[in-house]
Each structure stands twice: as structure tokens, then as C-alpha cells.
Amino acid sequence: MTSIQRVTHDPDWYEPYHISLAVRANGLIFVSGQAGIDETGRTVGTGDVEAQARKAFANLGTVLGEAGATLADVVKVTIMVTDMRSLDVVIKLRGEYFADPYPADTLLQVAGLAQPDWLIEIDAIALDPAAAR
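To keep things clear, this report deals only with the structure shown in the data block. (Residues numbered from 1 in each chain as written. Predicted model: local features only at pLDDT ≥ 70, side-chain atom pairs only at ≥ 80, totals over all residues. Heavy atoms only, no water.)

**Structural notes on the pairing of strand S6 (residues 120-127)**
Then comes step 1: The pairing of strand S3 (residues 28-35) with S6 spans six bridges and is antiparallel. Of the residues in S6, the one forming a bridge with Gln34 is Ile122.
Then comes step 2: Examined bridge by bridge, strand S4 (residues 74-81) and S6 share seven bridges and lie antiparallel to one another. Of the residues in S6, the one forming a bridge with Met80 is Glu121. (Pairing = 2+ DSSP bridges. Helix = DSSP H or I, 4+ residues; strand = E, 2+ residues; numbered from the N terminus.)

Have a look at this one:
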């Protein structure tokens, strides 16, 4: 029988939208897309893709931390940007936030994200360290 467990944070910036920050299932942690928003849901660095990306990676780390994991446990990441001219920033930050062996990655340009001022969103799948115990 599969057990699904919600991962949350206080405050949970996605609670008003009926979205789990992450869920654990079968030894994996599935993290919802993280954007450049603060804990109140306010967009940071409006118009600044690097500031938003840094906050999105920080939010990803926070959610993983609530699950007892770290960015080093990430095996797959999907990065969505609204402008592919952000590629250099994305490549630079992947090198800062992830280490070899780097996670599998999908990078794509989208017409828009959930909020019109969001420039980047990152979701991830990570190994659940608790499942290895």
C-alpha cells in the first residue's frame, strides 16, 4: 500500500491554493514548483530573474529541509522560465546550488507562470533520506 505524506512549512505559502509544498511517496519527495516568492506569497525581485531564481532555489531548499532532505538529494529538476535569455543565469545557479553528480534536468520556456510577475519556477524530485533508514 502506498503511503502519501504531505510536507509543509510554517507559514505554508501554498496552503491558500490547496497545493502541497511537497509530498512523500515510495521513497521519493515530490516538490511543487517553487517561485521567487517570500513566505507571505509576495514576489521578490520583480523583473530580476536572478533574484527570483535565488529565492526559488532557497524555497526549494526550505521545503526539502522540512522533509529531512537537502538539495544534494535531488535527482530530477524542472526549471521553467518565461524568457530563455535567462539561460546563463540558470546555468550559473545550477552550478551553485547543485553538485556533481548533477540532477537530471529539464529546462523550458513557458508563455507564463501562475503569477504574471514570476519569471522562473523550479520543481524537483528528491530521494527521501527517511526511506533509507
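**Points about the sheet that holds S3**
Then comes step 1: Ordered by their spatial adjacency, six strands build an open sheet running S1-S2-S3-S6-S4-S5, and the pairing between neighbours is mixed. One side of each edge strand has no neighbouring strand; the edge strands of this open sheet are strand S1 (4-7) and strand S5 (104-109). Between one strand axis and the next, the sheet turns by 15 degrees as a mean value, whatever way the strands run.
Then comes step 2: Sheet contacts for helix H1 (residues 49-66): S1, strand S2 (22-25), S3, S4 and S6; angle to S3, the most-contacted strand, approximately 150 degrees.
Then comes step 3: In the packing of helix H2 (residues 87-97) onto the sheet, contacts are made with S4, S5 and S6, and the angle to S5 comes to roughly 160 degrees. (Axes fitted to C-alpha atoms, helices over the stretch in contact; angles between N-to-C directions. Contact = heavy atoms within 4.5 Å.)

**Observations regarding the layout of surface pockets**
Then comes step 1: Its boundaries defined by the atoms lining it, the largest pocket holds a volume of some 240 Å³.
Then comes step 2: Lining of the largest pocket is provided by 17 residues; of these, Trp13, Tyr14, Tyr17, Ile37 and Trp118 occupy positions nearest its centre.
Then comes step 3: Its residues assigned to classes, the lining of the largest pocket shows eight nonpolar, six polar and three charged. (1 Å grid on protein atoms, 1.4 Å probe; cavity = no way out; pocket = protein on both sides within 12 Å on 5 of 7 lines; lining within 4 Å. Points joined across faces, edges and corners; volume = space filled by probe spheres on them. Nonpolar A, V, L, I, M, F, W, Y, C, P; charged D, E, K, R; others polar.)

**Describing the packing of aromatic side chains**
Then comes step 1: Applying the stated criterion across every chain yields a total of two aromatic pairs.
Then comes step 2: Look at Phe57 and Tyr97: their rings are 4.6 Å apart centre to centre, the planes differ by 5 degrees, and that puts the pair in the stacked class. With Phe57 in helix H1 and Tyr97 in helix H2, this residue pair connects regions lying 40 residues apart in the sequence.
Then comes step 3: Among the aromatic side chains, those forming a connected cluster through ring pairs are Phe57, Tyr97 and Phe98. (Phe/Tyr/Trp six-rings, centres within 6.5 Å; stacked < 30°, edge-to-face > 60°.)

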